[in-house]
Structure formats: C-alpha cells, structure tokens
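# Survey of secondary and tertiary structure
The lines below spell out each chain.
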Amino acid sequence: MPQLSDLITFGTNNSQQPVSLLTAFAAFALSYFLYQLYKHRSGNAIGTNPRPDLYSIPGGVPLLGDVIFVSKRADRYLEALGDIKKHRQEANMEHKAVSLTLPGHRMIDITKPEWIEYIQKTNFANFRKGPTFFDNMHDVLGEGIFVVDGDAWNIQRKASSKMFNVNNFRGFITQSIHQELKKLRIIIGRHADAGTSFDLATLFFRFTLESFSHMAFGQNIGALSLETDKPVPFAKAFDYAQAVLNRRFNNPAWKLTERINGTSRKMKEASRTMDDFAFKIIQQREEEGLGNIKKSDKAEATDLLSLYMALRDENGKPLNKRALRRLFPFNPLICISTIGRDTTAQALSWTFFHLLLHPELMKPLQAEADEAGEVDYDNYTTLTKTLATFHEGLRLHPSVPKNIWEAIGPDSLPNGGPRIEAGDAVVWCDWEMGRMTSIWGADASEFKPSRWIDEQGQLVKESQWKYHVFNGGKRLCLGQTLAIYEASSVIASILKDFDLEFEPGWLDKVEMCEREATPRYSDSLTLPMKDPLMVRATRRKATVV
C-alpha cells in the first residue's frame, strides 16, 4: 500500500520529501490567500462579511479594508466622516448607512438622534462598550466607569453620583471654584498689567485640573500655582496616554506596533506616573485616618475619594488596594482629567475663540455678569445669555466628539436604519451632528447663541438626543450640571473684569480646519485645540482680587 509521503512526493525519493512538503504547504497557503482575496474582493477587511446594504468607502483594499483610509486621516477623522457622506450623496446612496472595516471589525455610522436614542435608551441592553473598547483602554483606565459594562459600571456610577448633590454644590464644589477663580483672575490680571500675551487654553486646563483635584481628592496639586506655570507630571502623563489610546482604535495591530516603536514603554511610564499620583494621596488618607469612613458617615464625605474609600466589599470590609486599583484612579482621575480638566477646559477654549472672533457678543455677557455679581450655585441659572453662549460653543465643539459601542446581538435600527450584526461596532460623531442642517437648520455651522433663547427670553432646553454633547440615557454624563455651573462661573468672572482680544497676528497664522475657519483640533479622545489660544487682556475697571 502506498504511504502518505509517496502520495505527497508523487513517487520521488525520500531526499526530496522536505522540499515537496514545503511546496505543498506553499501551494495550500497561496490557494487559501487567493480564496480570501476573492471572498473580500469588494474591499472589506478580513473577518468581516460583504454588506451591499451599507455604503462602503471607495478604495477599500481586500483583506485590509479601510486601514489605509483611516490611517491617512487619523488626525482629521471628524472631517473625514463628513467627506465620506458627501461622496455618498454624490453617488445617490444616502439611503445607506456608512460602513468602515478594519481586520476583524466592522464599524457602522449611526450619527442620527433617533438611532443614538435607540442604542442608548430603547434597546440599551443589546449594546455595550465591549471587549475591544476595554482592551484598548484597560492599561490606563483600568476597570473604571468609562470602560466597563454591567454590574461594575452600575456600582461605580452609584458611588460617583453621591458627589453631585445640592449640599456638595453649595459647599465644597462652590468653594473650590471660587478659590481657583480668584487665582485665575490674578494670573490674567498680571498679563493685563504687563501687556503680555498668554495661552488661554492652557490656563483653562490648569484651572480645571486644580479645581477638580480639590473636588475629587480634597487637596490642591499646584496646577494653578501663582509662582510657576510648569505643568504637573500627572497632566503631562495623561495627555500622552490619551493620544495613544485614541490611535489604538485605528490600529488593530497596536499591541505589536507599540512594542516596536517604543510606545509600550512610554505608556507604562505614563501609567506609573498616574498611579503614583493617585495612590500617594490614598496612602496619605489612610495614614491620617481619613479613609475609615463608614457607610453611615458618607454624608460627611467632602470629596469623591472619601466616597470611594467608604465602599465596602461583600463582607463589609474596606476595599483593599487591588480593588481600589481597579476602581479608584479612573473615577476621580477621569473626573479631573476628562470630565473636569479636559471637557470643561476645552469647551471654554472653543467658546472663547468664538467670542473673540465676534467681540460684539461679549458686551451682553459683560452686562449680565455685572448685574449678577459673584456667581454661585443658586444664581448661575439666571445667566441666560452666558449659558446660551456656552451651549452653543459646546454644540459645535463637543468635548467628547466621537464614540463607539458594540452590538451584543443582531438588531435593526428604527426609521429605515441599518441592520446590525452581532459584534458590529456602532459609531457616532457628535462633532458632525452639531453641523448637520437636518438637525440644526441651514445655519447649523454658524456660532449663534441666540438659537438657545426663546421669544420669552428663556433658555431653550433641547432633547439630549439632538444636543448629545453630554451623552444620553443611562450613560448621561454625571458631571453635566457641574460642567455647566463651572463654565458659566468662569465666563462671567473673566468677562466681568477683563476685555480680551486675539494676540496680534495670531488669527492669520494659526492652522485652521479644512472645512471651516476654526482652529485645528489635536488627535485625542477629547477635543483640544492643536495650537495655543494666544490672547491679550485689559482690565475693564479696577478690581479687588
């Protein structure tokens, strides 16, 4: 009976067997490759099925999908999505949802209010952040509220929500804001008296980092020092980490490439810096006996860290450091960095850019600030024009401009929406939604605070799905009220004391977006300006600070 080796070598002698085996394997591999190439001939990535019911970007590469398209536009993804839809319109395929594929992943654009509402509210149980989101973020964000689902998310949300009550707003939150506003005015006043230009965006970052660190940790960290403007190590580490995390969503092979280019080592250093910052404070609390808050004493906690240290496990014992490592940095830390420092500071920067571009809009805000006096939690809602201006800035420049979730099971979105398969990623872009004429009218791309004030002079309250800058449904941002309160306080405080203008020549040399005359944004999870926002200030009147 012939042996298997005889069949493979087709009668050749034994010395030729290794070569023949290799040839056979190469032939098989080539056949498999050609089969996969044919299977994905429509330009979709390996690991995804052809979807003629969706609009695919022209130029997709078989097996690779849209990797090249995405990598070339990683620094202008927000605008690129609008370009894709323009091409779709020209192809008379507006009835199809936009789809992009990367190896192993399909992303479907759902940037419509009714589709987002369906996913975040109507059928919330069928969608989640998912393992890809968690894997991309875990080494920095741990098992924190922004990356987990299910019970872990519920526990952390309940704990974090304890911070945002009326007593805290009237107490240590207002005290923190007023304390840092005083320093902010001193710094701006020094520049005004010296006639020097300064970066307003960086100053806002320093202000919000300092104020939120006090709210979260119960202490200041020197971010808004009157002696130096040197950034604190934690802030630098998180800025670097955030840019890396954002790039991972466009690079399925990031684990390999980060090892090759040295990013993996730098990320470990950044994570260590953030951990050291957080746990140094925890250790200090424990040594001072301030971490022993019982459940009955939670009402007396004066910062978010106290609330987390008051959590108990299923046996009624305080959480150990391993458990705090999973939970802790990524609630206070994210409150500071994302909810606090990044989102509020960035929204203020974009809002002031538009105010400086249209200085006639500042006069009504200054008059409103003069009348209001010192802003606190009980009177900030009376600043109708100020709130309208901030909401308009945030509408056009949402601090979290894009998001991505994953479908657990198959689904179909309402009102002619796309079919969703299990494992599909659904993505939306609030930055683009703020510019859609179908949602905001023909003047959607204009900075127009008056759209937020009705005929009776009252502030317009839009649906959380139309004005989706604070997320929606069960994932509605816990810090929404805090962000609005703090931002309106900052705007009123600055404009009450100072007139601002662009540094001479700044507007002519700053890099602008391709689609509109606004400064270029940085590649990030959030929406920072790429270049400094250089301004000059003059005192409106003698003030006592």
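### Things to note about the sheet that holds strand β10 (residues 498–502)
Judged by pairing direction, the sheet is antiparallel, and its three strands sit side by side in the order β5-β11-β10 without closing on themselves. Of all the strands in the sheet, the pair left with one neighbour each is β5 (198–199) and β10. Pairing geometry for β5 and strand β11 (residues 534–539), over two bridges, is antiparallel. By the bridge assignment, D199 is partnered in β11 with M534. Relative to the sheet, helix α8 (residues 166–194) contacts β5, β10 and β11, its axis offset from that of β11 by approximately 85 degrees.

### Focus on the side chain of Q366
Here Q366 shows up in helix α16 (residues 362–372). Among the polar contacts listed, one links the side chain of Q366 to the backbone oxygen of L495, at a separation of 3.2 Å. If sequence neighbours within four positions are ignored, Q366 has contacts with L495, F498, D499 and R540.

### Comments concerning helix α10 (residues 233–248)
The end-to-end C-alpha separation of α10 is 23 Å, in line with the 22 Å expected for 16 residues at 1.5 Å each. Regarding α10, the residues found buried are F234, A235, A237, F238, A241, Q242, A243, V244, L245, N246 and R248.

### Here's the deal with helix α20 (residues 480–497)
Over its 18 residues, α20 runs 26 Å from end to end, which matches the ideal 26 Å to within 8%, given 1.5 Å per residue. The buried fraction of α20 amounts to 15 of the 18 residues, a majority that puts the element mostly inside the structure.

### Concerning the side chain of H468
Note on placement: H468 falls in the loop between α19 (437–440) and α20. On the basis of relative accessible area, H468 is assigned to the buried category, the value being 2%. If near-sequence neighbours (up to four positions away) are discounted, H468 is found in contact with I116, Q120, W428, D430 and M433.

### Details of the nonpolar core
As a rule of thumb, soluble globular proteins bury nonpolar side chains together. By size, the foremost hydrophobic cluster in this structure holds 135 residues, and its most contacted members are I173, L184 and F352. Those residues in contact with F352 that sit more than four places away from it in its chain are L200, F204, I491, I494, L495 and L500.

### A short note on unusual backbone geometry
Here the phi dihedral of L63 falls at roughly 80 degrees; this positive angle occurs in a residue that is not glycine. Mapped onto the elements, L63 comes out in the loop between β1 (55–56) and α3 (67–72). Of note, N415 is a non-glycine position whose phi angle comes to about 55 degrees, a positive value.

### As for the confidence of the model for the chain
Taken residue by residue, the chain gives an average pLDDT of 86. The fraction at 70 or more is 87%. Across residues 1–12, where pLDDT falls below 50, the model places seven contacts with residues more than four positions away in sequence or in other chains. This stretch, residues 291–299, has a pLDDT under 50; its non-local contacts, to residues over four places away or in other chains, come to 12 contacts.

### Notes on the environment of G472
Relative to the assigned elements, G472 resides in the loop between α19 and α20. G472 sits in the buried class, given a relative accessible area of 0%. For the pair G472 and I119, spaced 353 residues apart in sequence, the C-alpha separation works out to 9.8 Å. Setting aside residues no more than four positions away along its own chain, G472 makes contact with Q120, Q464 and W465.

### Let's talk about the pairing of β11
Judged from the five bridges that link them, β10 and β11 form a sheet pairing that is antiparallel. Following the sheet pairing, F498 is matched in β11 by R539.

### A short note on the sheet that holds strand β3 (residues 105–109)
Strand order in the open sheet formed by six strands is β1-β2-β3-β9-β6-β4, and the pairing between neighbours is mixed. The strands lining the two open edges of the sheet, one partner per strand, are β1 and β4 (127–128). Here strand β2 (residues 98–102) pairs with β3 via four bridges, running antiparallel. The residue of β3 that forms the bridge with L102 is H105.

### Examining the pairing of β2
Burial of β2 is extensive: five of the five residues sit out of reach of the surface. Side chains V98, L100 and L102 of β2 all project onto a buried face; the interleaved residues S99 and T101 project onto the opposite face, where all are buried too. In terms of strand pairing, β1 meets β2 through two bridges, oriented parallel. Considered in β2, the bridge of Y55 is made with V98.

Rules and cut-offs
Here the residue index of a chain counts from 1 through its sequence in written order. Under the rules for a predicted model, residues below a pLDDT of 70 receive no local features and side-chain atom pairs below 80 are neither given nor counted, while totals for whole chains, interfaces and linings still include all residues. Only hydrogens and water are removed before side-chain values are computed, so all heavy atoms of the structure are retained for them. Pairing between two strands is assigned when DSSP locates at least 2 bridges connecting them. Working definition: helices are DSSP H or I runs of at least four residues, strands are E runs of at least two. Numbering for both runs from the N terminus. Throughout, a contact is declared for two residues whenever any of their heavy atoms are within 4.5 Å. Helix axes are fitted only over the stretch in contact, all axes being lines through C-alpha atoms; the angle between N-to-C directions runs from 0 to 180 degrees. In protein, a polar contact requires one atom able to donate a hydrogen and another able to accept it; more generally it is a pair of N or O atoms within 3.5 Å, and residues adjacent in sequence count only if both atoms are side-chain atoms. Multiplying 1.5 Å by the helix residue count minus one yields the expected span of that helix. We call a residue buried when its accessible area falls under 20% of the maximum for its residue type, exposed when it is over 50%, and partly exposed in between, using a 1.4 Å probe and counting protein chains only. Residue types Ala, Val, Leu, Ile, Met, Phe, Trp, Tyr and Cys, when buried and joined through side-chain atoms within 4.5 Å, form a set referred to as a nonpolar core. Summary of the metric used: pLDDT quantifies the predictor's per-residue confidence within the range 0 to 100.

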